[in-house]
Amino acid sequence: MAAPPATSSAAANSSCARLPSAPLRRAPAAVSFPSRSRPAGLAAHAGPSRRLDVSAAAAAGHQKLMGSLTSNEGLRFGVVVARFNEVVTNLLLQGALETFERYSVKAENITVVIVPGSFEVPITAQKLGKSGKFDAILCIGAVIRGDTTHYDAVANSAASGVLNAGLSAGTPCIFGVLTCEDMDQALNRAGGKAGNKGAEAALTAIEMASLFRHHLG
């Protein structure tokens, strides 16, 4: 009995490829869009990260207003410090005062006001701001999470309160209240490996006071 004709695997594969249930798909055609020429100003600043330096954003003809860390002659500062968690707030205050001294702010132009806790900081800052005696108010405190929701209430109230104090008084009120999970985290931000947030807030206070006194007053 004669053997049936052999069918090659290549022929079988070719036959399967032509089955109507498996139609061939074509790659989508490339679509091109007309390119637009970039303005010269944008092209000059184009870079890999497409980032624009804020200080370079004021082009010719634009007025740029900035505070200064050196033009601080006669600037006056109020510092509101919460006594609660004073092991932390004392370090923040120390960092702030050392920064003021480093940038030639005279001690007689700094008034430190101590309040019971961070919840009392905003209303005191508002009072100082409305007095007209200060160019900026630095608000220092430390809120550390406990076992209840008290932390959230105080932290949120302190943040929104300091903001509202500055808005209502028309005087920069700088937020230097730490909101931390535990004491170690707070100490790390009060002169530890994360720096001193009191010192950083003092720098912000100097720059904002200079901006308001010399440009926005």
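Residues numbered from 1 in each chain as written. Predicted model: local features only at pLDDT ≥ 70, side-chain atom pairs only at ≥ 80, totals over all residues. Heavy atoms only, no water.

Points about the side chain of Asn196
Thinking step 1. With respect to the element layout, Asn196 can be found in strand 6 (residues 195-196).
Thinking step 2. Beyond its immediate chain neighbours, meaning those up to four positions away, Asn196 contacts Leu91, Leu92, Gly95, Arg189, Ala190 and Gly191. (Helix = DSSP H or I, 4+ residues; strand = E, 2+ residues; numbered from the N terminus. Contact = heavy atoms within 4.5 Å.)

Details of the sheet that holds strand 4 (residues 173-180)
Two modes of strand pairing occur in sheets, parallel and antiparallel, and in both the strands are linked by backbone hydrogen bonds.
Thinking step 1. The parallel open sheet is built from four strands, whose spatial order is 2-1-3-4. Pairing within the sheet leaves two strands with one partner each, and these edge strands are strand 2 (110-115) and strand 4. Taking each pair of neighbouring strands and ignoring which way they run, the sheet shows an average axis angle of 15°.
Thinking step 2. With six bridges connecting them, strand 1 (residues 77-82) and strand 2 associate as parallel partners. Bridging from a neighbouring strand, Val79 pairs with Val112 of strand 2.
Thinking step 3. The sheet strands contacting helix 5 (residues 150-169) are strand 3 (136-144) and strand 4, and the helix crosses strand 4 at an angle near 170°.
Thinking step 4. Sheet strands in contact with helix 7 (residues 197-216) are strand 1, strand 3 and strand 4, and its direction is about 160° off that of strand 4. (Pairing = 2+ DSSP bridges. Axes fitted to C-alpha atoms, helices over the stretch in contact; angles between N-to-C directions.)

Topic: a nonpolar patch on the surface
Thinking step 1. A cluster of nonpolar residues, Val87, Leu91, Met183 and Leu187, forms a patch on the protein surface that exposes about 280 Å² of accessible area.
Thinking step 2. Of all elements in the fold, only helix 3 (86-102) and helix 6 (183-188) reach the threshold of two or more residues within the nonpolar patch.
Thinking step 3. Tracing the chain through its elements places Leu187 in helix 6.
Thinking step 4. A residue is classified by how much of its surface remains accessible, and Leu187, at 30% relative accessible area, is partly exposed. (Patch = residues over 30% accessible without salt bridge, like charges linked within 9 Å, V, L, I, M, F, W, Y side chains within 5 Å. Areas by Shrake-Rupley, 256 points an atom, 1.4 Å probe, with all protein chains shown as cover. Salt bridge = Lys/Arg side-chain N within 4 Å of Asp/Glu carboxyl O. Buried < 20%, exposed > 50% of the residue type's maximum accessible area, 1.4 Å probe, protein only.)

Thoughts on helix 4 (residues 121-130)
Thinking step 1. Residues of helix 4 that are buried: Val121, Pro122, Thr124, Ala125, Leu128 and Gly129. Each buried residue of helix 4 lies within a common arc of 160° when the element is viewed along its axis, so the set occupies one face. Seen from the open side of helix 4, the exposed residues pointing more than 90 degrees away from its buried face are Ile123, Lys127 and Lys130.
Thinking step 2. For helix 4, the secondary structure elements touched by its buried residues are strand 1, strand 2, strand 3, helix 5 and strand 4.
Thinking step 3. Count one or two residues on from helix 4 and you reach Gly132, which has phi positive near 75°. (Arc of directions from axis to C-beta.)

Notes on the state of the cysteines
Thinking step 1. Applying the stated criterion across every chain yields a total of zero disulfides.
Thinking step 2. Counting only cysteine sulfurs, Cys173 is the nearest neighbor of Cys139, a cysteine outside any disulfide, at a range of 5.2 Å. (Disulfide = S-S within 2.5 Å.)

Regarding helix 3
Thinking step 1. Over its 17 residues, helix 3 runs 23 Å from end to end, which matches the ideal 24 Å to within 8%, given 1.5 Å per residue.
Thinking step 2. When we look at burial in helix 3, the residues that qualify are Val88, Thr89, Leu92, Leu93, Gly95, Ala96, Thr99 and Phe100. Axial view of helix 3: buried residues confined to an arc of 160°, hence all on one face. Residues of helix 3 that are exposed and angled more than 90 degrees away from the buried face: Glu101 and Arg102.
Thinking step 3. Directly beyond the C-terminal end of helix 3, a positive phi value near 65° is found at Ser104. (Expected span 1.5 Å × (residues − 1).)

Observations concerning the nonpolar core
Thinking step 1. By size, the foremost hydrophobic cluster in this structure holds 26 residues, and its most contacted members are Phe77, Val79, Val88, Phe100, Leu138, Ile140 and Leu178.
Thinking step 2. Residue assignment for this core shows that the elements contributing at least two residues are strand 1, helix 3, strand 3, strand 4 and helix 7.
Thinking step 3. Setting aside anything within four residues of it in sequence, one finds Phe77 in contact with Phe100, Val105, Asn109, Ile110, Thr111, Phe134, Ala136, Ala205, Ile206 and Ala209.
Thinking step 4. One finds Val80, Val121, Cys139 and Val162 within the second-largest nonpolar core, a separate group that totals twelve residues. (Core = buried A, V, L, I, M, F, W, Y, C linked by side-chain atoms within 4.5 Å.)

The values reported here are purely geometric and, on their own, carry no functional implication.
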